[in-house]
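Residue-level listing of the chains:
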Amino acid sequence: MPETVLISGASGLLGTSLTEALLKKGYSVKHLGRKKIKKPGILSYTWDPEKGEIEKEALIDTDYIINLAGSNVGEGRWTQKRKKELIASRIKSTRLLTEAIIQYNLPIKKFVQASAIGYYGLSIEDITYTEESSAGIDFLALLTQQWEKESASLVEHHIPLAIVRIGVVLSNKGGALMEMAKPVKWMVGSALGSGKQIIPWIHIDDMTNVFLKAIQDPSFIGIYNAVAPHPVTNKEFV
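Residues numbered from 1 in each chain as written. Predicted model: local features only at pLDDT ≥ 70, side-chain atom pairs only at ≥ 80, totals over all residues. Heavy atoms only, no water.

J.: Hey, could you run me through the packing of helix α1 (residues 13-24) against helix α6 (residues 204-216) in this one?
T.: If you want to describe how two helices pack, look at the angle between their axes and the distance between the axes. Here α1 crosses α6 at 60°, and the two axes come no closer than 9 Å. As summarised for this structure, α1 and α6 are arranged oblique, according to the angle between their axes. Along this stretch, α1 crosses α6, giving a crossing that reads as right-handed. Residue-level inspection shows L13, L14, S17, L18, A21 and L22 of α1 in contact with α6, the latter providing I204, M207, T208, F211, L212 and I215. (Axes fitted to C-alpha atoms, helices over the stretch in contact; angles between N-to-C directions. Helix = DSSP H or I, 4+ residues; strand = E, 2+ residues; numbered from the N terminus. Parallel < 35°, antiparallel > 145°, perpendicular 65-115°, else oblique. Left-handed = near helix turned anticlockwise from the far one by under 90°. Contact = heavy atoms within 4.5 Å.)

Written out as structure tokens, the structure reads:
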């Protein structure tokens, strides 16, 4: 029997890439979302983090869970209402998964939690942050800290936990690169402000492979920064 991987928030760029890679590797893949989606070779289940509801069948006979769920921080203005939505989409979804695993005493081999490099805060300094670096104090940093804390209880129940702090994922199939490229293609692209903001980027293929390693390597436990080794400034990127 092939091992089974459940992906929450699988409809996005990373979830799509990861699903394709897992299927090619011979894994059985399940998707967990607000609506059932019919895709060949994939079992689809629903949940509603706002109401605390989840199809128990999604978790049964699951070896690994990869939690990518969370509203896109790049969509819309960061009004107070939007900030609350961004926080709730991450906190409630992660809490629902972890509580369900503990409640049903599920023998999950590993829980892989998506996080963000925004944990360290926005920087314009040429500093290399390691996983041991202190957290930032801006909105994204505080959001990410709360997000990561929600899965911490799994460790107490002996569920291996890997947290992946993701940088700006670049792909020609969508995501940040396509949006950032639009003004450049129309010859109106320019650096934002001073242009000194550091962009810790990573290619979609490398990002996908990080998650593959997370479930294939038993020693892949704890917190990892998932970025390319050569960050650039916003000016250089443009």
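J.: Whenever I open this one, the packing of aromatic side chains confuses me. Can you help?
T.: Each aromatic ring pair is specified by the distance between its two centres and by the angle formed by the two planes. Across all of its chains, the model carries four aromatic pairs by this definition. Plain terms: the ring middles of Y119 and Y120 are 5.2 Å apart, the flat faces sit at 80° to each other, and that makes the pair edge-to-face. Like Y119, the residue Y120 is buried in the burial classification. A centroid spacing of 3.9 Å and a plane angle of 25° characterise the contact between F220 and Y224, whose relative ring orientation is stacked. Here Y224 falls in the partly exposed class, since its relative accessible area comes to 26%. An aromatic cluster is defined as three or more aromatic residues linked by ring pairs; in this entry it consists of Y119, Y120 and Y129. For the cation-ring pair, K83 lies above F139, with the distance from its terminal atom to the ring centre recorded as 5.1 Å. The lysine or arginine in question, R90, covers the ring of W147, its NZ or CZ lying 4.8 Å from the ring centre. (Phe/Tyr/Trp six-rings, centres within 6.5 Å; stacked < 30°, edge-to-face > 60°. Buried < 20%, exposed > 50% of the residue type's maximum accessible area, 1.4 Å probe, protein only. Lys NZ or Arg CZ within 6 Å of the ring centre and 35° of its normal.)

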